[in-house]
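Residue-level structural notes
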Amino acid sequence: MNRHPGRVHVSLFQSHGFFDARDLVQVKYEMLRQVSVEGASKAEAAAVFGLSRPTFYQAEAAFAQQGLAGLLPQQRGPKSPHKLTPEVMAFIDTQMSGERPPGARALARAIRTALGVSVHPRSIERALARKKKR
């Protein structure tokens, strides 16, 4: 969903029932089409469609790479536990092999002290749960 449909100032989106300014994928596609087919400038198209120029360039690159699916909103942030490198997991395994394995908070502190990496205790809990499933 387009969080700012009121910023779209294109007549198609004002008068036609098919075009919906709340549909962000449609807005981005029409913005790209206006530049490639109708020859509008990128800055002008971004402005009339209520989007920023960086958003135009991101949409252009995503569309070129993935087609229409590239215009769908993407999940933000890291997609995996990127701080839990093999070195960190080996450290966790070493710590967990003792008689009394430490809790996730103690492991997070130990990792920060020994390796200089700040890992959230919940990330450690998830990693241990994934490992246990295998």
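Residues numbered from 1 in each chain as written. Predicted model: local features only at pLDDT ≥ 70, side-chain atom pairs only at ≥ 80, totals over all residues. Heavy atoms only, no water.

1. Points about the nonpolar core
Selection rule: We call a set of buried Ala, Val, Leu, Ile, Met, Phe, Trp, Tyr and Cys residues a nonpolar core when their side-chain atoms join them within 4.5 Å. Accessibility here uses a 1.4 Å probe with only protein chains present; expressed as a share of the type maximum, an area under 20% marks a residue as buried, one over 50% as exposed, and anything in between as partly exposed. The way it works is that DSSP assigns letters per residue, a run of H or I at least four long becomes a helix, a run of E at least two long becomes a strand, and they are numbered from the N terminus. Note on contacts: a residue pair is in contact if any heavy atoms of the two residues lie within 4.5 Å.
In this structure, V8, F13, V27, M31, F49 and F56 are the most contacted members of the largest nonpolar core, which totals 18 residues. Examining the composition of this core, we find that six residues originate from one element, helix α2 (residues 24-36), more than from any other. Setting aside residues no more than four positions away along its own chain, V8 makes contact with N2, F13, Q14, A21, V27, V48, F49 and G50. Listed in part, the twelve residues of the second largest apolar core include F91, I92, A108 and I111.

2. Side note on the side chain of K28
How we decide: For the purpose of charge, His is not counted, nor are the chain termini; Lys and Arg are scored as positive and Asp and Glu as negative. Here, a salt bridge means any side-chain nitrogen of Lys or Arg that lies within 4 Å of a carboxyl oxygen of Asp or Glu.
Mapped onto the elements, K28 comes out in helix α2. Of the side chains with opposite charge, D23 comes closest to the buried, unpaired K28, at an N-O distance of 9.6 Å.

3. Notes on the layout of surface pockets
The condition that has to hold: Definitions used for this entry: grid spacing 1 Å over protein atoms alone; cavity, a set of points where a 1.4 Å probe fits but cannot get out; pocket, an open set with protein on both sides within 12 Å along at least 5 of 7 lines; lining residue, one with an atom within 4 Å of a point. Grid points are joined across faces, edges and corners, and a volume is the space filled by probe spheres set on the points. Think of it as three bins: nonpolar holds Ala, Val, Leu, Ile, Met, Phe, Trp, Tyr, Cys and Pro, charged holds Asp, Glu, Lys and Arg, and polar takes everything else, Gly as well.
Its volume calculated, the largest pocket comes out at about 600 Å³. Surrounding the largest pocket, 21 residues form its lining, R3, L24, K28, T55 and Q58 being those nearest its centre. Mapped by element, the contributors of at least two residues to the lining of the largest pocket are α2 and α4 (53-66). The element that contributes the greatest number of residues to the lining of the largest pocket is α4, accounting for four residues. Its residues placed into classes, the lining of the largest pocket shows eight nonpolar, nine polar and four charged.

4. Re the pattern of salt bridges
Enumeration according to the criterion identifies six salt bridges in this entry. K42 is the salt-bridge partner of E60, the closest N and O atoms lying 3.4 Å from each other. With E60 in helix α4 and K42 in helix α3 (residues 42-48), this pair connects stretches of sequence that are 18 residues apart. Residue K131 is joined to D93 by a salt bridge in which the shortest nitrogen-to-oxygen separation is 2.3 Å. Of this pair, K131 sits in helix α7 (residues 121-133) while D93 is found in helix α5 (residues 86-96), placing the two residues 38 residues apart along the sequence.

5. Some details on the packing of aromatic side chains
How we decide: Stacked, tilted and edge-to-face are the three classes applied to pairs of Phe, Tyr and Trp rings, where Trp contributes its six-membered ring and a pair requires centres within 6.5 Å; stacked means planes under 30 degrees apart, edge-to-face means over 60, and tilted covers the rest.
Summed over the entire model, instances satisfying the criterion amount to five aromatic pairs. Judged by centre distance (5.1 Å) and plane angle (85 degrees), the ring pair of F18 and F19 falls under edge-to-face. Among the residues examined, F18 registers a relative accessible area of 65% and is labelled exposed. Its relative accessible area of 14% is what places F19 among the buried residues.

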